[in-house]
Amino acid sequence: MTNQIVKMTVNGEKKEILAEPRELLIYVLREKLGLSGAHVGCETSHCGACTVEIDGKSVKSCTMFAVQAEGAKITTIEGLGTPDNLHVLQENFKEHHGLQCGYCTPGMITRAHRLLQENPNPTEEDVRFGISGNICRCTGYQNIVKSILSAAAELNAAKEAAQ
Amino acid sequence: MITAAFEYHRPSDLAGALSVLEEHGDDARVIAGGHSLIPMMKLRMAEVPHLIDLQDIAGLKGITIEGGMVTIGAMTTQHELINNEALLSATPIIHEAALQIADPQVRYMGTIGGNVANGDPANDMPGLMQCLNANFTLEGPDGTRSVKAREFYEAAYMTELEDGEILTQITFSAVNAGYAYEKQKRKIGDYATAACGVLITKDGDKVATASIAMTNLSDVPVLSEAAGAALVGTSCDAAAIKAAVAAALEDIDPTEDNRGPVEFKMHVAGIIISRAIARAWSRA
């Protein structure tokens, strides 16, 4: 099958790539755009390590063809923070030991980011339900939940201070 | 995992989608949220030489509630169903059931149309649509027809949907009834070991009507008329619930799989059905 051009906005930058229709979005992001933050975990829609944000939705990018993202706005972990300027969620994962091996973390944080956009004041239960599509095999989730709740509190405090 | 190669079509209207379907026949399939179809394609259990993406067809999206009738476009996602306030007050059982489907990421993508049209006995919406006595609108090259959810499912992945047709919308009457959708699953993201939707209306202290439908307990969703009849006229006491559960269990035919042997599934089904009835009655 022939390649086709796919245009999308990734982390605020307009991108044009050539892809076969059967290429999954996760591989286009990682191998064609060099964004290796989103990980390939199970590759079967279960683990959430490949989670990115697409037009305001948390999506497992292993379960979407890149051509389906034509015209979409995509945010990956690279679009949230940088090593010199970590996102509040990243700071809190660091502070509260929200990761051990770190493999699930990019998916966990992009998912948490969307969750806090939709629900800035989540309860612990909201957080657990909200990240239930992301699997972590190290932490037992306790510190991930703590990190997200603490990031929410910090974001809300910053918002109040700005008003 | 790499799927077999295919050509990608993204029509901007339904006529465009129908014409690609007609041109390629068996070689073409529509894709909605893709969270059933893409995994099947990755496993090479589905090969689709022509994939028709419905995402640009605006007419397939949205929820309208008018004169007591609810109409839901096939491309409406589970996430949109969950977050629609008007739907929550018109027919809250949809909210309760949709929250139990898969996980958050899947609910952002998965659509009600895909869920009902795929014919997967493990999907939750088919049983729920039977419980609600919904109608499916099917559009094809020869026009539009309507099929009752209760008559749509023939066997696993076999439905009334003909080649060349697209399921475009779902309609049902808004129901002011006690409701419950109960589901037992091994973990978030798993399909039901057993699930049951119940709607009960009350006349004084007695059950006036009862609709009871089950998910993943046969190769099709099962509406148990006998179970509903066992409740009507009773005060939904323990004896009535027991009789309804017994009737419902007569109507299902679960198979052994990695969720357990048949005996276990019947046991779980009994508990789930009885909980669903009790909770629906408590809200009636």
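Given the structure is predicted, the values throughout are model-derived calculations rather than measurements. (Residues numbered from 1 in each chain as written. Chains lettered and ligands numbered in written order. Predicted model: local features only at pLDDT ≥ 70, side-chain atom pairs only at ≥ 80, totals over all residues. Heavy atoms only, no water.)

Asks: How should the interface of chain A and chain B be read in this particular structure?
Replies: How big an interface is tends to be stated in terms of accessible area lost as the parts join. Contacts between chain A and chain B engage 33 residues on the former and 31 residues on the latter. Of all residues in chain A, Arg22, Phe65 and Gln68 of chain A give up the largest surface area on contact with chain B, accounting jointly for 24% of the area buried on that side. One salt bridge connects Asp103 of chain B with Lys60 of chain A, and the closest N-O pair in it is separated by 2.5 Å. Considering each element in turn, the side of chain A that touches chain B owes the most residues, four residues, to strand E4 (residues 57-60) of chain A. Its residues assigned to classes, the side of chain A that touches chain B shows ten nonpolar, 14 polar and nine charged. (Contact = heavy atoms within 4.5 Å. Buried area = accessible area lost by both parts, 1.4 Å probe. Salt bridge = Lys/Arg side-chain N within 4 Å of Asp/Glu carboxyl O. Helix = DSSP H or I, 4+ residues; strand = E, 2+ residues; numbered from the N terminus. Nonpolar A, V, L, I, M, F, W, Y, C, P; charged D, E, K, R; others polar.)

Asks: Can you help me understand the packing of helix H10 (residues 238-250) of chain B against helix H11 (residues 262-283) of chain B in this one?
Replies: When two helices pack together, their arrangement is given by the angle between the helix axes and by the axis-to-axis distance. All names here are of chain B. Closest axis-to-axis distance for the H10/H11 pair is 9 Å, and the angle between their directions is 135°. In terms of axis orientation, H10 runs oblique to H11. Here the hand of the crossing between H10 and H11 comes out right-handed. Here Ile241, Ala244, Val245, Ala248 and Leu249 of H10 lie close against H11, whose contacting residues are Met266, Ala269, Gly270, Ile273, Ser274, Ile277 and Ala278. Residues of the contact of H10 with H11, tallied by class, amount to ten nonpolar, two polar and no charged. (Axes fitted to C-alpha atoms, helices over the stretch in contact; angles between N-to-C directions. Parallel < 35°, antiparallel > 145°, perpendicular 65-115°, else oblique. Left-handed = near helix turned anticlockwise from the far one by under 90°.)

Asks: Hey, could you run me through helix H5 (residues 142-162) of chain A in this one?
Replies: Compared with an ideal rise of 1.5 Å per residue, which puts 21 residues at 30 Å, H5 of chain A spans 31 Å between its outermost C-alpha atoms and is within 8% of the ideal. Where H5 of chain A is buried, its residues contact helix H2 (88-95), helix H3 (105-118) and helix H4 (124-130) of chain A. (Expected span 1.5 Å × (residues − 1).)

Asks: Can you help me understand the domain arrangement of chain A in this one?
Replies: Residue and element names in this part refer to chain A. By domain assignment, chain A separates into domain 1 (4-79) and domain 2 (88-162). Put simply, the middle of domain 1 and the middle of domain 2, counted by C-alpha atoms, are 22 Å apart. Between domain 1 and domain 2, the residue contacts involve 19 residues of the former and 14 residues of the latter. For domain 1, the biggest contributors to the area lost against domain 2 are His39, Glu53 and Ile77; these three give 38% of the whole. At the junction of domain 1 with domain 2, the criterion picks out one salt bridge. Between Arg114 and Glu53 there is a salt bridge, with the nearest N and O atoms lying 3.3 Å from each other. Where domain 1 meets domain 2, there are nine residue pairs in polar contact (both at pLDDT 80 or more). Put simply, the parts of the chain that give the side of domain 1 that touches domain 2 at least two residues each are strand E3 (51-54) and E4. (Domains from an automatic or database assignment. Polar contact = N/O pair within 3.5 Å; in protein donor to acceptor, adjacent residues only side chain to side chain.)

Asks: Quick question: what am I supposed to make of the sheet that holds strand E12 (residues 192-203) of chain B here?
Replies: Within a sheet, adjacent strands bond to each other through the backbone by hydrogen bonds, running parallel or antiparallel. All names here are of chain B. A sheet is described by the order of its strands in space; here four strands give the open sequence E11-E12-E13-E14, paired in antiparallel fashion. Two strands in the sheet have a free side with no partner beyond their single neighbour: strand E11 (178-185) and strand E14 (222-223). Summarising the sheet, E12 and strand E13 (residues 206-215) pair through nine bridges and their orientation is antiparallel. Pairing of Gly197 across the sheet is with Ala213, part of E13. On the sheet, helix H8 (residues 124-131) packs against E11, E12, E13 and E14 and is oriented at approximately 155° with respect to E13. (Pairing = 2+ DSSP bridges.)

Asks: In this structure, what is going on with the packing of aromatic side chains? I would like to understand it.
Replies: Describing an aromatic ring pair means giving the distance of the ring centres and the angle of the ring planes. Residue and element names in this part refer to chain B. Using the criterion set out here, one finds four aromatic pairs over all chains in the structure. Here Phe136 and Phe152 contribute two aromatic rings whose centre-to-centre distance is 5.0 Å and whose plane-to-plane angle is 90°, an arrangement assigned as edge-to-face. Of the two residues, Phe136 sits in strand E6 (residues 135-140) while Phe152 sits in the loop between strand E7 (143-148) and strand E8 (153-155), which places them 16 residues apart along the sequence. On the basis of relative accessibility, which here comes to 0%, the residue Phe152 falls in the buried class. On the basis of an interplanar angle of 85° and a centroid distance of 4.9 Å, the ring pair of Phe152 and Tyr153 is categorised as edge-to-face. Residue classification places Tyr153 among the buried positions, given a relative accessible area of 12%. Above the ring of Trp281, the side-chain terminus of Lys202 is found at 4.8 Å from the ring centroid. Arg283 extends its terminal NZ or CZ atom over the ring of Tyr179, reaching a point 4.1 Å from the ring centre. (Phe/Tyr/Trp six-rings, centres within 6.5 Å; stacked < 30°, edge-to-face > 60°. Buried < 20%, exposed > 50% of the residue type's maximum accessible area, 1.4 Å probe, protein only. Lys NZ or Arg CZ within 6 Å of the ring centre and 35° of its normal.)

Asks: How should the pairing of strand E3 (residues 50-53) of chain B be read in this particular structure?
Replies: Two faces make up the sheet, and in a regular strand the side chains alternate between them. All names here are of chain B. Burial along E3 is two-sided: the residues His50 and Ile52 and Leu51 and Asp53 are all buried. With three bridges joining them, strand E1 (residues 7-9) and E3 adopt parallel strand pairing. Pairing of His9 across the sheet is with Ile52, part of E3. One ladder, built from four bridges, connects strand E2 (residues 28-31) with E3; its direction is parallel.

Asks: Even after reading the chapter, I still don't get helix H1 (residues 14-24) of chain B, so can you show me in this structure?
Replies: Since one α-helical turn is 3.6 residues long, residues separated by three or four positions face the same way. Residues and elements named next belong to chain B. Along H1, the residues that are buried comprise Leu14, Gly16, Ala17, Leu18, Val20 and Leu21. Contacts made by the buried residues of H1 are with E1, E2, E3, E6 and strand E10 (166-173). Of the residues trailing H1, Gly25 is marked for its positive phi of about 50°.

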